[in-house]
Amino acid sequence: MNRRRFIRIAATGIAGLSFSETLRAQRGLALKEYSWNGFLLGAEGQFRLFSDDSHKAQASIEHCFAEIRRLEKIFSLYDSSSSISELNRGGQLASPPSELISILQAADQAYRSTGGSFDPTVQPLWKLYSKHFAQNPSAQVGPSAEAIKKTLSRVGWSQVSVESGAIRFQQAGMAITLNGIAQGFITDRISEILQSEGYENVLVELGETRAVGPKPSGDPWRIGIVEAKKQSSLFERIELNNTALATSGGYGSPFEESGRYHHLLDPRTGKPSHYCTAVSVIADTATEADALSTGLCLMAPAQIRDFAASRDDLRVIIQS
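Since this is a predicted model, take the numbers as computed values, not measurements. (Residues numbered from 1 in each chain as written. Predicted model: local features only at pLDDT ≥ 70, side-chain atom pairs only at ≥ 80, totals over all residues. Heavy atoms only, no water.)

**Describing the side chain of Glu33**
Argument step 1. Mapped onto the elements, Glu33 comes out in strand β2 (residues 29-40).
Argument step 2. By relative accessible area, Glu33 is classed as buried at 13%.
Argument step 3. Here the side chain of Glu33 touches Arg48 through a polar contact of 3.1 Å, side chain to side chain. (Helix = DSSP H or I, 4+ residues; strand = E, 2+ residues; numbered from the N terminus. Buried < 20%, exposed > 50% of the residue type's maximum accessible area, 1.4 Å probe, protein only. Polar contact = N/O pair within 3.5 Å; in protein donor to acceptor, adjacent residues only side chain to side chain.)

**Comments concerning the pattern of salt bridges**
Argument step 1. Enumeration according to the criterion identifies 13 salt bridges in this entry.
Argument step 2. The shortest N-O distance in the salt bridge between Arg69 and Glu72 comes to 3.6 Å. In this pair, Arg69 and Glu72 are both assigned in helix α1 (residues 54-75), three residues apart and thus about one turn of the helix distant.
Argument step 3. On the basis of relative accessible area, Arg69 is assigned to the partly exposed category, the value being 40%.
Argument step 4. Among the ionic contacts, a cluster of salt bridges with common partners joins Glu67, Arg70, Glu99 and Arg189. (Salt bridge = Lys/Arg side-chain N within 4 Å of Asp/Glu carboxyl O.)

**Quick look at the confidence of the model for the protein**
Argument step 1. With 89% of its residues at a pLDDT of at least 70, the protein reaches an overall mean of 89.
Argument step 2. The low-confidence segment residues 1-28 (pLDDT under 50) makes 106 contacts with residues lying over four places distant or belonging to another chain. (pLDDT = per-residue confidence, 0-100. Contact = heavy atoms within 4.5 Å.)

**What to know about the nonpolar core**
Argument step 1. The biggest cluster of nonpolar side chains holds 42 residues, and the ones touching the most others in it are Phe47, Phe75, Leu100, Ile103, Leu178 and Ile190.
Argument step 2. Among the secondary structure elements, those contributing two or more residues to this core are β2, β3 (43-51), α1, α2 (83-90), α3 (98-113), β6 (166-169), α6 (182-196) and β7 (202-205).
Argument step 3. A total of eight residues in this core trace back to one element, the largest contributor, which is α1.
Argument step 4. For Ile190, the contacting residues outside a window of four places in its chain are Phe47, Cys64, Glu67, Ile68, Val204 and Leu206.
Argument step 5. If you look at the next biggest cluster of nonpolar residues, it comprises 16 residues, including Ala246, Val279, Val281 and Leu298. (Core = buried A, V, L, I, M, F, W, Y, C linked by side-chain atoms within 4.5 Å.)

**Remarks on the side chain of Thr243**
Argument step 1. Here Thr243 lies in the loop between β10 (234-240) and β11 (244-248).
Argument step 2. With a relative accessible area of 18%, Thr243 lands in the buried category.
Argument step 3. Among the polar contacts listed, one links the side chain of Thr243 to the backbone nitrogen of Asn241, at a separation of 3.2 Å.
Argument step 4. Once residues within four sequence positions are removed from consideration, Thr243 is found in contact with Thr209, Arg210, Ala211, Ile282, Ala283 and Asp284.

**Description of the environment of Thr247**
Argument step 1. For Thr247, the position within the fold is in strand β11.
Argument step 2. Under the relative-accessibility criterion, Thr247 is labelled buried at 16%.
Argument step 3. On a C-alpha basis, the gap between Thr247 and Val281 in space is 6.5 Å, while along the polypeptide they are 34 residues apart.
Argument step 4. At a separation of 2.6 Å, a polar atom in the side chain of Thr247 contacts the side chain of Ser280.

**Re the packing of aromatic side chains**
Argument step 1. Under the criterion given, the structure shown has nine aromatic pairs.
Argument step 2. Note on Trp126 and Phe255: the rings are 6.3 Å apart at their centroids and 50° apart in plane angle, and the pair reads as tilted. Of this pair, Trp126 sits in helix α4 (residues 123-135) while Phe255 sits in the loop between β11 and β12 (278-283), placing them 129 residues apart in sequence.
Argument step 3. On the basis of an interplanar angle of 45° and a centroid distance of 5.4 Å, the ring pair of Phe133 and Tyr261 is categorised as tilted. On the criterion of sequence distance, the pair formed by Phe133 in helix α4 and Tyr261 in the loop between β11 and β12 is long-range, its members being 128 residues apart. There is no split in this pair, since Phe133 and Tyr261 are both buried.
Argument step 4. One aromatic cluster is present, built from ring pairs that chain together Trp126, Tyr129, Phe133, Phe255 and Tyr261.
Argument step 5. Lying over the aromatic face of Tyr199, Lys56 brings its terminal NZ or CZ to 4.9 Å of the ring centre. (Phe/Tyr/Trp six-rings, centres within 6.5 Å; stacked < 30°, edge-to-face > 60°. Lys NZ or Arg CZ within 6 Å of the ring centre and 35° of its normal.)

Structure below.
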């Protein structure tokens, strides 16, 4: 389980490689579509690229697959040997991987941008709610006010020290989750690998979506945003070209059947947010879009609109 759609990559490996039979023409070259399909957080993810060299395409996909697995060993709460699991167990981590430092620096920026709405230290709250409803499957109310207050004493990004040589919690019993930013980070990393290897038409959908360039035809990629209250319908279609999209909403991981109690927990109140059904963010990177969509879901619509108005480099879509 997770606070958002926690990074648990059950990848299918190179067996997930598929080849389109349709040749694409671009600048006089015959380009074929290649794709990798796997599973992230129990949901299928994929990335697509176009090339006239099948051997190069397969090598690139193998490279990306290995990178996904490597990053999982850093970010996954499901892996007891991962870097984040080690940090949460001991309250500190010496010589952390550079990727963990980078993602926590991005988390710090999102924390500041959202006025504290995005906060990776909510993991103790998630554990509180998860345990409460596991022990009381038919419960119609969440944990007690006293239990929430006690848990909130172990929540707070300001109590995390992030340095190149070590990461430390300043309060006993703290824990972090990279749910709400890790999928975006991995999406960016795969996008950057493929771009560095010379691919100009790539769509990466690993929980979040990022387009590198347009389609081979020159048209932008068209992506549908699902309607949160009726997930068989589309709320809006948007176009991506060297941009990224992320959507967050409490509907994704409820703790109980009614959906009143879900994984988007406010680090200030300790309670689930009910301001919006979902928030989508279009940004230059999937890391930023992922973190901001999570944080903005914990803000009132008027606050979200003010935030969006202050950032002309973003587009924010609210589902009330």
